[in-house]
Amino acid sequence: MSLKVKRKEQILDAALNVIVRNGYHQSRMDDIVSTSGLSKGAIYWYYKSKKDVYLDLVNHWVIRYSDTLMELSQDGVSASDQLQNLFHTFFDQFEKDPVVFKALLEFWSLAGRDNDFNLKLEKVTHNFIQYIESIIRNGVDSGELKNVNPKITAMSIMVVIEGISWFTLFKENGVTAKEYTDTVSKFILSGLIKKTYS
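It should be emphasised that the depicted structure is a prediction, and the values quoted were computed from it without experimental measurement.

Draft legend 1. Structural context of the overall build of the protein. When helices and strands are tallied, the protein shows nine helices and zero strands. Traced from its N-terminal end to its C-terminal end, the protein shows the element sequence α-α-α-α-α-α-α-α-α. Here the protein holds 198 residues, and 42% of them are scored as buried. A separation of at least 24 residues holds for 67% of the contacts in the protein among residues at least 6 apart in sequence. Surface exposure of the protein reaches about 11,000 Å², of which carbon and sulfur atoms provide 54%. Side chains of the protein give 24 positive and 24 negative charges; the mean places of these two sets differ by 4 Å.

Printed below as a string of structure tokens:
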């Protein structure tokens with residue numbers, strides 16, 4: 001890993017902790033400086049503003065999660081198993097690093113008020129929906145899945161996955177994130193798989 005990549009990761013990790021702790025509007029570059037342990041000059045060498053940092057943080061996550069999704073085997077794997085693996089992957093990420101999901105709530109809020117964040121997140125969402133849609137379309141074409149609208153189904157699955165973020169806000173709800181993920185994924189898959197196929 002080059003020094004540039006290492007420094008940027010250090011800055012983005014600090015920015016993640018700051019936005020979760022303070023929220024975007026209460027966060028300052030000085031907060032990122034003190035949390036990162038780097039000098040102010042080092043941070044401004046890479047980023048000119050707080051907004052630049054957080055827009056790049058979205059890119060950072062996209063690359064990280066895209067790499068994770070690409071690692072999921074698709075060769076010879078049924079569409080239903082691919083979808084199940086997708087649910088498990090995001091739950092595992094939630095277990096390892098729930099702070100990312102908490103920050104996502106802040107970014108969704110920003111997307112409603114800031115055009116740059118809106119465009120960035122719209123593109124990310126579009127690409128993720130396309131990824132899920134391709135799995136569903138292949139499952140429909142193979143006869144494994146019912147003849148559903150792939151885009152609407154993909155959007156529904158995306159919303160369910162993002163629902164994991166809810167568990168970063170409310171702890172005492174009588175349901176764990178694992179129970180939520182397992183139950184809802186079963187609901188979705190049982191509604192998608194043709195009975196004759198299973």
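Now, onward.
Draft legend 2. Layout of the packing of helix 1 (residues 3-22) against helix 2 (residues 29-36). At their nearest, the axes of helix 1 and helix 2 sit 8 Å apart, and the two run at 120° to each other. As judged from the angle between their axes, helix 1 and helix 2 are oblique. Crossing of helix 1 against helix 2: the hand is right-handed. Contact residues: helix 1 offers Gln10, Ile11, Ala14, Ala15, Asn17, Val18, Arg21 and Asn22, while helix 2 offers Asp31, Ile32, Thr35 and Ser36. Residues that form the contact of helix 1 with helix 2 fall into these classes: five nonpolar, five polar and two charged.

Draft legend 3. Seen up close, helix 5 (residues 79-96). For helix 5, built from 18 residues, the straight-helix expectation of 26 Å at 1.5 Å per residue is met to within 8% by its first-to-last C-alpha distance of 26 Å. As for helix 5, its buried residues are in contact with helix 4 (50-70), helix 6 (98-111), helix 7 (115-142), helix 8 (150-162) and helix 9 (177-192).

Draft legend 4. Quick look at helix 2. Taken as a whole, helix 2 has its buried residues at Met29, Asp31, Ile32, Val33 and Ser36. For helix 2, the elements touching its buried residues are helix 1, helix 3 (40-46) and helix 4. Once helix 2 ends, the next one or two residues include Gly37, with phi positive near 80°.

Here is what the cut-offs are and how they apply
- Residues numbered from 1 in each chain as written.
- Predicted model: local features only at pLDDT ≥ 70, side-chain atom pairs only at ≥ 80, totals over all residues.
- Heavy atoms only, no water.
- Helix = DSSP H or I, 4+ residues; strand = E, 2+ residues; numbered from the N terminus.
- Buried < 20%, exposed > 50% of the residue type's maximum accessible area, 1.4 Å probe, protein only.
- Contact = heavy atoms within 4.5 Å.
- Areas by Shrake-Rupley, 256 points an atom, 1.4 Å probe, with all protein chains shown as cover.
- Lys, Arg positive; Asp, Glu negative; His and termini not counted.
- Charge placed at Lys NZ, Arg CZ, Asp CG, Glu CD.
- Axes fitted to C-alpha atoms, helices over the stretch in contact; angles between N-to-C directions.
- Parallel < 35°, antiparallel > 145°, perpendicular 65-115°, else oblique.
- Left-handed = near helix turned anticlockwise from the far one by under 90°.
- Nonpolar A, V, L, I, M, F, W, Y, C, P; charged D, E, K, R; others polar.
- Expected span 1.5 Å × (residues − 1).

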